[in-house]
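Notes for the structure review
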Amino acid sequence: MTDRIVLRTRGPLRELSRQRLIAQGLVASARSTATDVVQRMTCLQAQDLASARSAVALRAGGTVGDVDAALNAGQIVRSWPMRGTLHLVPAEDLRWMLALNAAPTLRSVRRRHEQLHITAADIDRAATVSADELAGGSGMTRAQLLTRWREHGIGTDGQRGAHLLQSLCLRAHLVLGPIEGRQQRFVLFDEWIGDSRPIDRDLNVAEWATRYFHSRGPATIADFRWWSGLLHRDIAPVWDAVRAGLVEVVAGDTAYFAAPETVERWQAHPGATLRPMLTPAFDELLLGYADRTPTVDEEHLALVVPGGNGMFQAVLLDGGAAVATWRRRPQRTGPQRVGPTPDIAAFDGALSARAERALPVLARRYPFVP
């Protein structure tokens, strides 16, 4: 296969979106485990835990219960590895991710800590109390742990509690582990994560970039920098080695990079990428890139992220394009119980006949959180 492909169709950006569906394991992909999905994706945005669990199950071809089992087994964890945002990550990879990104994230919240009167002594005190309370146990929910802190004189009012929790996770003291209902329990990092892969900055950056382009390409270097939070000076020393294993895909004047197998599967299964699909809120098909216009037309971006507030809505895809937002319709119980039919808000007033026909099946197959 050539290492440079030029897209010359009338809609090259939409072709990029359709190829990304393949790279992300959303189409033309064999069933796999939840752990395998997170390993391949490296990180999946998880500020909304229910959506993140559905996103993994969708790619694995399994259930949310499978994802929860992997969380409860300690194979997958949730923390703040990049961009100051919660993500699901393979447990064995979290330590080196934090080694790359924790320091700049902590610097970025320094001013907010000053406003909240959070001192280094407060963080150390919270760490000590957490170690005493959590050692040898099964963890605590956020509410339970904050209660323990208050009992020891640590203020958690306002956003203090949230920032203290984030600080301890960024320092690899705590991590979000097992599921309890719709929440996760905080556990001690070193007790919950038995084995961590070695920290080697250049090797870790190279692996992160390689896994990114294999799981999300075609994508640009700018996409990877935005997604990972890494800087040019971090990527430049390893880029040539990473680039050697990728295919360049050119659309217009822009160079994108993808795994060779993504392009091969795209050439073998282009029709599969046209099928309608429900994707969760905060899905990596949008959050995995700085530029989302291959999937969402620019005039529709405000409908997907109302008010530009960072709250990405769940979207319906058709032909590789986002054509509507959707939400789960509340279920009624009893004889007239209604199934999980989604409420649809189409961007252009109406869906295609293909999407209308597909919706009932998509809703039945979608891995909703119980």
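Each remark here, short or long, concerns the structure printed above.
A brief report on the enclosed structure follows.

1. Describing the pattern of salt bridges
Within the structure shown, the criterion is met by 18 salt bridges. What emerges from the salt-bridge pattern is a single network uniting Asp93, Arg197, Glu207 and Arg211.

2. Looking at a negative patch on the surface
Taken together, the side chains of Asp291, Glu298, Glu299 and Asp348 present a region of like negative charge at the surface. For Glu298, a relative accessible area of 63% corresponds to the exposed category.

3. Quick notes on the environment of Arg225
As for its position among the elements, Arg225 is in helix 12 (residues 221-228). Residue class for Arg225 comes out partly exposed when judged on its relative accessible area of 37%. Not counting chain neighbours up to four residues away, the residues in contact with Arg225 comprise Leu230, Leu231, His232 and Ile235.

4. Points about unusual backbone geometry
One can expect most non-glycine residues to show negative phi and most peptide bonds to be in trans. With an omega of 10°, the peptide bond between Gly217 and Pro218 qualifies as cis. Relative to the helices and strands, Pro218 is located in the loop between helix 11 (201-216) and helix 12. Its identity as a non-glycine residue notwithstanding, His117 has a phi of 60°, on the positive side. Following the sequence through the fold, His117 ends up in the loop between helix 6 (110-115) and helix 7 (120-134). Exposure remark for His117: the relative accessible area of 62% places this residue in the exposed category.

5. Digging into the packing of helix 2 (residues 34-41) against helix 3 (residues 49-60)
Two quantities define a packed helix pair, namely the angle between the axes and the distance from one axis to the other. Contact pair helix 2 / helix 3: the axes reach a minimum separation of 9 Å and the direction vectors enclose 100°. In terms of orientation, helix 2 and helix 3 fall into the roughly perpendicular class. On helix 3, the residues touching Ala34, Val37, Val38 and Met41 of helix 2 are Val56, Arg59 and Ala60. Within the contact of helix 2 with helix 3, the residues separate by chemical class into six nonpolar, no polar and one charged.

6. Considering helix 8 (residues 142-151)
All of the buried residues along helix 8 are Leu145, Leu146 and Trp149. Down the axis of helix 8, the buried set is contained in an arc of 100°. They therefore lie on one face. Looking at the buried side of helix 8, the elements it contacts are helix 7, helix 9 (160-170), strand 5 (174-180) and strand 6 (183-188). Backbone geometry just downstream of helix 8 places Gly153 in the positive-phi region, at approximately 85°.

Conventions and cut-offs
- Residues numbered from 1 in each chain as written.
- Predicted model: local features only at pLDDT ≥ 70, side-chain atom pairs only at ≥ 80, totals over all residues.
- Heavy atoms only, no water.
- Salt bridge = Lys/Arg side-chain N within 4 Å of Asp/Glu carboxyl O.
- Patch = residues over 30% accessible without salt bridge, like charges linked within 9 Å, V, L, I, M, F, W, Y side chains within 5 Å.
- Areas by Shrake-Rupley, 256 points an atom, 1.4 Å probe, with all protein chains shown as cover.
- Lys, Arg positive; Asp, Glu negative; His and termini not counted.
- Charge placed at Lys NZ, Arg CZ, Asp CG, Glu CD.
- Buried < 20%, exposed > 50% of the residue type's maximum accessible area, 1.4 Å probe, protein only.
- Helix = DSSP H or I, 4+ residues; strand = E, 2+ residues; numbered from the N terminus.
- Contact = heavy atoms within 4.5 Å.
- Axes fitted to C-alpha atoms, helices over the stretch in contact; angles between N-to-C directions.
- Parallel < 35°, antiparallel > 145°, perpendicular 65-115°, else oblique.
- Nonpolar A, V, L, I, M, F, W, Y, C, P; charged D, E, K, R; others polar.
- Arc of directions from axis to C-beta.

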